[in-house]
Amino acid sequence: MAMQEKWQWQEPGTAWKGVGIYHITLTVPSREPLLGTLVIPQNDPTQAHVTRTTLGEAVVEELYVMCKHYPAIRILQFCLMPDHLHAIIHVTRVMDTNIRNVIRGYWQGVKRHGRAHTLSISPELNSGTANNGSGKTDKDAGTTDKEAATEGFYPFPVFTERPFIRPLSRRGQLDTMMRYVHMNPQRLATKRLKPGFFRVQRGIEIGGRSYAGVGNATLLMAERFETVHVRRAMVQKAEQGDDAPLRDYMNGCVLAARKGAVMVSPFISPQEKQVMEVLLREELPFVLLTDNGFREYYKPTDALFDACATGRVLILSPWEYDAGKRHISREDCVALNTMAEEITKI
């Protein structure tokens with residue numbers, strides 16, 4: 001039985017303190033590679049790894065210090081990248097404090113390492129007498145820590161003050177996240193070796209609409225497109241025992257792709273997702289429409305990432321990225337299916 005199926009999520013009075021598994025991400029604000037260097041032997045992404053800097057080693061060591069302070073915590077997996085840290089943490093029993101405070105304490109510990117690292121390369125900062133380039137020292141000019149950091153004197157705090165903390169509470173999430181964390185160096189290496197397929201492209205004009213996209217935009221030059229849109233009536237018939245219309249339609253989508261059509265869809269329903277799984281497995285090209293835009297450092301996950309790296313997919317969205325968006329609305333579904341139809345007519 002998977003570990004995440006054994007624990008009760010947020011028992012009364014123990015929210016964020018009880019037994020649970022969390023995915024933690026801390027990011028260097030400037031995205032500078034302060035923590036390590038990505039190494040890609042023979043330009044082979046599968047061999048990619050990160051060589052840690054002294055500061056990176058200290059950041060990892062602080063994870064073990066955290067576990068000593070909080071014996072209820074186990075680190076299931078972590079991955080230090082040049083500009084961020086992923087960790088999967090298992091809280092094995094109810095704690096007196098909550099996971100947010102634990103990670104806040106870790107952040108403070110790392111901040112001390114950041115300051116020590118900076119002072120080791122710029123000792124003059126210890127006395128507040130660093131020359132600010134105008135002939136005056138920071139002390140003389142009244143420069144604050146924040147202002148000095150802006151001027152480039154030192155990089156601490158190492159991580160952003162608000163780490164990403166995500167509870168993993170659904171079946172299968174743990175295995176998926178463990179793989180995601182493990183594959184981070186390989187994915188970054190692939191992006192660097194094939195930047196064109198992972199760069200967010202803005203202003204892709206299709207049928208009078210403007211999209212942002214990630215992936216192979218040349219798929220829009222295909223000679224033939226077809227949509228994947230499973231209708232409610234097909235599903236209802238299948239639920240009533242007549243699954244032939246649904247089965248024939250789904251099979252027809254795959255056959256069309258095998259004959260050279262680029263399939264276009266938001267792939268929302270379970271049946272549409274099954275078609276997409278076949279397209280991925282058989283390495284057939286398709287255009288995926290999504291209900292949210294792309295953050296600056298967006299990268300597709302799992303099989304979509306591999307398809308993107310080989311130019312077999314284009315992911316499009318007509319909307320800006322919304323960090324607070326969690327669920328797709330019916331209006332979004334209707335709009336995306338309409339856009340899919342428009343794309344097939346270009």
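Attention in this report is confined to the structure presented alongside it. Keep in mind it's a predicted model, so treat the numbers as computed, not measured.

A few words now on the overall build of the protein. Regarding its fold elements, the protein presents eleven helices and twelve strands. In the protein, which comprises 346 residues, the proportion classed as buried is 46%. For the protein, the proportion of contacts with a sequence separation of at least 24, taken over those separated by at least 6, is 66%. For the protein, the accessible area works out to roughly 18,500 Å², and carbon and sulfur atoms hold 49% of it.

Residues Met-263, Phe-267, Val-275, Leu-279 and Phe-286 are the most contacted members of the largest nonpolar core, which totals 34 residues. Secondary structure elements with two or more residues in this core: strand 8 (209-215), helix 7 (232-239), helix 8 (244-258), helix 9 (270-281), strand 11 (286-289), helix 10 (302-309) and strand 12 (313-317). When residues in this core are grouped by element, the largest group, six residues, is from helix 8. Non-local contacts of Phe-286, meaning those with residues more than four positions away in its chain, are made with Leu-219, Val-262, Met-263, Phe-267, Met-276, Leu-279, Leu-280, Leu-304, Arg-312, Val-313 and Leu-314. Tyr-22, Ile-73, Ile-89 and Trp-107 belong to the second-largest nonpolar core, a separate cluster that totals 30 residues.

Turning our attention to unusual backbone geometry. The phi dihedral of Arg-31 is positive, around 60°, even though this residue is not glycine. With respect to the element layout, Arg-31 can be found in the loop between strand 1 (20-27) and strand 2 (36-39). Phi angles above zero are rare outside glycine, and Glu-283 is one such case at about 55°. Structurally, the position occupied by Glu-283 is in the loop between helix 9 and strand 11. On the basis of relative accessible area, Glu-283 is assigned to the exposed category, the value being 53%.

Moving on, we get to the pattern of salt bridges. Under the counting rule described, the total for this entry stands at nine salt bridges. Of the charged contacts, one joins Arg-209 and Glu-342 as a salt bridge, the two residues approaching to 2.7 Å between their closest N and O atoms. Of this pair, Arg-209 sits in strand 8 while Glu-342 is found in helix 11 (residues 330-343), placing the two residues 133 residues apart along the sequence. Classification of Arg-209 by relative accessible area gives partly exposed; the value is 30%. Arg-247 serves as the salt-bridge partner of Asp-243, at 2.9 Å between the closest nitrogen and oxygen. On the basis of relative accessible area, Asp-243 is assigned to the partly exposed category, the value being 39%. Arg-247 sits in the partly exposed class, given a relative accessible area of 40%. If you follow the salt bridges from partner to partner, you end up with Asp-291, Lys-325 and Asp-332 in one network.

Inspection of the secondary structure assignment puts Glu-223 in the loop between strand 8 and strand 9 (225-227). A C-alpha to C-alpha distance of 9.9 Å links Glu-223 and Thr-344, two positions 121 residues apart in sequence.

So, on to the sheet that holds strand 9. Read across the open sheet, the six strands follow the order 7-8-12-11-10-9; overall the sheet is mixed. In this open sheet, the two edge strands, each paired with only one partner strand, are strand 7 (201-206) and strand 9. Direction aside, neighbouring strands of the sheet carry axes that sit 30° apart on average. The pairing of strand 8 with strand 12 spans four bridges and is antiparallel. Bridging from a neighbouring strand, Val-214 pairs with Ile-315 of strand 12. Lying on the sheet, helix 10 is in contact with strand 8, strand 11 and strand 12; it crosses strand 12 at an angle near 110°.

So, how was this worked out
Residues numbered from 1 in each chain as written. Predicted model: local features only at pLDDT ≥ 70, side-chain atom pairs only at ≥ 80, totals over all residues. Heavy atoms only, no water. Helix = DSSP H or I, 4+ residues; strand = E, 2+ residues; numbered from the N terminus. Buried < 20%, exposed > 50% of the residue type's maximum accessible area, 1.4 Å probe, protein only. Contact = heavy atoms within 4.5 Å. Areas by Shrake-Rupley, 256 points an atom, 1.4 Å probe, with all protein chains shown as cover. Core = buried A, V, L, I, M, F, W, Y, C linked by side-chain atoms within 4.5 Å. Salt bridge = Lys/Arg side-chain N within 4 Å of Asp/Glu carboxyl O. Pairing = 2+ DSSP bridges. Axes fitted to C-alpha atoms, helices over the stretch in contact; angles between N-to-C directions.

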